[in-house]
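Examination of the molecular architecture
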Amino acid sequence: MNTTDQLRELLMPVLGITSIDEIKPESALVRDLGAESIDFVEILYLIETEMGVKIKIQEIAMTEYSSDGNNLQDGKITNEIAERLNKDFNTDRFTEGTTVKELFESFTVKDLATIIDKKRDS
Amino acid sequence: MRFILVDRIDELKIGSWAKGVKCISQTNEIFEQHFPGYPLMPGSLIMEGLAQLSGVLFEYSLMQLGHTHKRPVLTLVNKMKFRRFATPGDKLDYDCRVKLFYPDEYAVATVTAKCDGKLYAEGELLFGFADILDEKLLKLSVEAIESFLKNTKIIASDESNL
């Protein structure tokens, strides 16, 4: 089973979702699946105990990309950061002008799987 | 009012463990209803006592680590089991051991309640850390911790445990 499918199974009870089909790889944890900050404690704990990978909440909030003041213009990410995000997460959905809040809210199941796979490989 | 469900915290090792006691008394009003003529301490209240012990351990440990504006919030109860009935006259020994402790994120404690060496309850409790934004609340929080730890032997942490 690949990491994304493992995650979809793991997220079902945490988010109170009964059908795995409702959790798609491209579903955003906060915006689509209704995850709240308190759920992330459980999600991170389950990933650590069941998948053996330690992830920090900051990684899900993507502060690495937004914490440096130079990466932001009026609280929005620059084109350079959007390109880096698209490359790192193998997508094209990030664009210049996305706010830090939107980054967190649009974080998908697949993005989380990407972080887990990267950590496993390193 | 606040329901304090641990009578005394005997020992606390910063970032590692805490031991406390809960004495169950027949005069507790809860036994009027739970149950008439057959007093049983509700398992949920034993669990709350264990959560309070763990909460004090984590909050005090956070303070000692310099995180003064954080409060542990119970977020998940895992694998909680109640093995025996606790009844008036029982002195429950509460034990909390830190399983995971990430001061910036969350913590997990393994807890047990025993009476005369026999296991009454056991489980795993997860805590998130909420920010205390109000100075007045922070003062209340510090006072509560001080009152909990008035008669407690505090043991310094081994750096390697954190």
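Quick notes on the rules
Residues numbered from 1 in each chain as written. Chains lettered and ligands numbered in written order. Predicted model: local features only at pLDDT ≥ 70, side-chain atom pairs only at ≥ 80, totals over all residues. Heavy atoms only, no water. Helix = DSSP H or I, 4+ residues; strand = E, 2+ residues; numbered from the N terminus. Rg over C-alpha atoms; globule rule 2.2 N^0.38 Å. Buried < 20%, exposed > 50% of the residue type's maximum accessible area, 1.4 Å probe, protein only. Contact = heavy atoms within 4.5 Å. Areas by Shrake-Rupley, 256 points an atom, 1.4 Å probe, with all protein chains shown as cover. Lys, Arg positive; Asp, Glu negative; His and termini not counted. Charge placed at Lys NZ, Arg CZ, Asp CG, Glu CD. Phe/Tyr/Trp six-rings, centres within 6.5 Å; stacked < 30°, edge-to-face > 60°. Lys NZ or Arg CZ within 6 Å of the ring centre and 35° of its normal. Expected span 1.5 Å × (residues − 1). pLDDT = per-residue confidence, 0-100. Polar contact = N/O pair within 3.5 Å; in protein donor to acceptor, adjacent residues only side chain to side chain. Core = buried A, V, L, I, M, F, W, Y, C linked by side-chain atoms within 4.5 Å. Buried area = accessible area lost by both parts, 1.4 Å probe. Salt bridge = Lys/Arg side-chain N within 4 Å of Asp/Glu carboxyl O.

Section: the overall build of chain A
In terms of regular secondary structure, chain A is built from seven helices and two strands. Reading the secondary structure of chain A in the N-to-C direction produces α-α-α-α-β-β-α-α-α. Radius of gyration (C-alpha) of chain A: 14 Å, near the 14 Å computed for a compact globule of 122 residues. The C-alpha extent of chain A, read off along each of the three principal axes, is 40 × 30 × 25 Å. In chain A, which comprises 122 residues, the share counted as buried stands at 44%. Expressed as a percentage of contacts within chain A between residues at least 6 apart in sequence, the contacts between residues at least 24 apart total 52%. Only carbon and sulfur atoms are counted for the fraction: they give 45% of the accessible area of chain A, which is about 6,500 Å². Counting 14 positive and 25 negative side-chain charges, chain A places the averaged centre of each group 2 Å from the other.

Describing the packing of aromatic side chains
By the definition in use, this model includes nine aromatic pairs over all chains. Measuring from centroid to centroid gives 6.4 Å for phenylalanine 89 of chain A and phenylalanine 94 of chain A, while their planes differ by 55°, and the two rings are tilted. Considering the side-chain rings of phenylalanine 58 of chain B and phenylalanine 101 of chain B, the 5.2 Å spacing of their centres and the 55° angle between planes classify their relative orientation as tilted. Note that phenylalanine 58 of chain B is positioned in helix α2 (residues 43-64) and phenylalanine 101 of chain B in strand β4 (residues 91-101), a separation of 43 residues in sequence. Each member of the pair, phenylalanine 58 of chain B as well as phenylalanine 101 of chain B, is classed as buried. Through a chain of ring-to-ring contacts, the aromatic side chains of Tyr65, Phe89, Phe94 and Phe107 of chain A assemble into a single cluster. One cation-aromatic arrangement involves lysine 54 of chain A over tyrosine 102 of chain B; the distance from NZ or CZ to the ring centre is 4.0 Å.

Let's talk about helix α2 (residues 37-51) of chain A
Residues and elements named next belong to chain A. In a regular helix each residue adds 1.5 Å, so 15 residues correspond to 21 Å; α2 covers 21 Å between its end C-alpha atoms and thus fits that length. Counting buried positions along α2 gives 11 out of 15 residues, so the element sits mostly inside the fold. Every buried residue belonging to α2 is among Asp39, Phe40, Val41, Glu42, Ile43, Leu44, Tyr45, Leu46, Ile47, Glu48 and Met51, and all of these are buried. Count one or two residues on from α2 and you reach glycine 52, which has phi positive near 70°.

Some thoughts on the confidence of the model for chain B
Summing up the model confidence of chain B, the mean pLDDT is 94 and the portion of residues at 70 or higher is 97%. This complex was scored by the predictor with a pTM of 0.84 and an ipTM of 0.70.

Some points on the environment of arginine 71 of chain B
Residues and elements named next belong to chain B. Tracing the backbone through its elements, the reader meets arginine 71 in strand β3 (residues 70-82). Discounting residues that sit within four places of it in the chain, arginine 71 has contacts with Glu59, Gly128, Phe129, Ala130, Ile132, Leu137 and Ser141. For arginine 71, the side chain forms a polar contact with the side chain of serine 141, separated by 3.4 Å.

Topic: the nonpolar core
Core analysis: the largest hydrophobic core is formed by 42 residues, its most contacted members being Leu7, Leu29, Ile47, Ile55, Leu85 and Leu112 of chain A. Of all elements in the fold, only α1 (3-15), α2, α5 (79-88) and α7 (109-121) of chain A together with β5 (106-115) of chain B reach the threshold of two or more residues within this core. Excluding residues that lie within four positions of it along the chain, isoleucine 55 of chain A makes contacts with Leu44, Ile47, Ile60, Leu112, Ile115, Ile116 and Lys119 of chain A together with Glu105 of chain B. Grouped together as the second largest cluster of nonpolar side chains are 39 residues, Phe31, Ile46, Ala113 and Cys115 of chain B included.

So, the interface of chain B and chain A
Counting from both sides, the interface comprises 14 residues of chain B and, opposite them, 11 residues of chain A. Between chain B and chain A, the buried area comes to about 990 Å², and carbon and sulfur atoms account for 62% of it. Taken together, the links from chain B to chain A amount to one salt bridge. Between glutamate 105 of chain B and lysine 54 of chain A there is a salt bridge, and its shortest N-O distance comes to 3.3 Å.

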